[in-house]
Amino acid sequence: MYSVGIDMGSVAAKAVVFDGKTIVGTIIMPTGWSPKETGIALYDTLLEKMAISKEQVSVIVGTGYGRIALPFIDKKITEITCHARGAHFVDPEIRTVVDIGGQDSKVIRLDETGHVLDFIMNDKCAAGTGRFLQVMSHALELDVSDLSDAAKGAEPQSINSMCTVFAESEVVSLMAEGASKESIAAGLLLSVSKKTASLASRIGVVGPVYFSGGVSKNHLLREQLAERLEAEVRSCDYAQFLGAIGAAVIGFESL
Ligand code: ADP
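Description of the structure in this document. (Residues numbered from 1 in each chain as written. Predicted model: local features only at pLDDT ≥ 70, side-chain atom pairs only at ≥ 80, totals over all residues. Heavy atoms only, no water.)

1. Section: the environment of Gly 64
Tracing the chain through its elements places Gly 64 in the loop between strand E4 (57-63) and strand E5 (75-76). On the basis of relative accessible area, Gly 64 is assigned to the buried category, the value being 0%. Remark: the alpha-carbon pair of Gly 64 and Val 4, spanning 60 residues in sequence, is separated by 14 Å. Filtering out sequence-adjacent residues up to four positions away, Gly 64 remains in contact with Asp 7, Met 8 and Glu 79. (Helix = DSSP H or I, 4+ residues; strand = E, 2+ residues; numbered from the N terminus. Buried < 20%, exposed > 50% of the residue type's maximum accessible area, 1.4 Å probe, protein only. Contact = heavy atoms within 4.5 Å.)

2. A closer look at the nonpolar core
If you look at the biggest cluster of nonpolar residues, it comprises 38 residues, and the most contacted ones within it are Val 98, Phe 132, Val 171, Ile 184, Leu 188, Phe 211 and Leu 229. At the level of elements, strand E6 (96-100), helix H3 (130-139), helix H4 (147-151), helix H5 (164-176), helix H6 (181-201), strand E9 (209-212) and helix H7 (219-229) are the ones that each hand at least two residues to this core. A per-element tally of this core places H6 first, with nine residues. Each residue touching Leu 229, except ones within four places of it in the same chain, is listed here: Val 98, Ala 197, Ala 200, Val 205 and Val 209. Counting residues in each nonpolar core, the second largest holds 17 residues, with Tyr 2, Met 8, Ile 27 and Leu 46 among its members. (Core = buried A, V, L, I, M, F, W, Y, C linked by side-chain atoms within 4.5 Å.)

3. Structural notes on the environment of Lys 124
Examined against the element boundaries, Lys 124 turns out to sit in the loop between strand E8 (116-122) and H3. Residues Lys 124 and Gln 103, spaced 21 residues apart in sequence, show a C-alpha to C-alpha distance of 8.8 Å. Of the polar contacts made by the side chain of Lys 124, one reaches the side chain of Asp 123; its length is 3.1 Å. (Polar contact = N/O pair within 3.5 Å; in protein donor to acceptor, adjacent residues only side chain to side chain.)

Right, here's the structure in full:
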């Protein structure tokens, strides 16, 4: 008997299989233009990869912005609840989740049982999200996954624009003035960590903090966040799956 959690994000669709104790399988693919078609492909490919039949899956829980498009799921649960539950499952000591995804960022405070105490979300502006880093790394002709290594040890340029479009012009001007890619990359990460810390300060941060979402793969940003939040920041290689993990855990508990 298994539960499946599906997180249909704005950029990446993630799904996991849970057997009641362990996450036994994961899959990720670009969300693309149709969350419905991608969701179906994601689920079918996951079961095929795991050699699991549909009859062995007792419940499917969807989360993420695209969850409403999935016709085959049993329950839809918000990302806030799923991230909190996912964080509690992977590390019960966690009291705050900082999630930076493709199109939004959020800070969630949770209690010792994994329930949400408070949260705050920025989904109105691309600055401080994965989209911001994608646009900027494109301007720098770098892959978003190379930003951390590029920025390491560099003196950060100050990036003052709060708007992604203006910040891109600022980056182009800095390059024209001869600033190094490394120093610009460092400045961009600093701007994301400042923006995230400012969001977090509005609800208060209690450690340990779990850094999730695709942007958590950026190790330098994790270090900068720890410094700015003045808290221990934990993460792991599967932190992008946190919402899907929470969905699968909640699903299993409902059986
Ligand atoms: P969503 O749930 O909104 O689809 P995710 O949490 O899956 O978002 O994260 C997607 C984002 O993660 C993308 O915007 C991408 O730029 C970013 N990302 C992916 N890999 C890395 C990396 N190695 N470093 C920094 N950001 C990354």
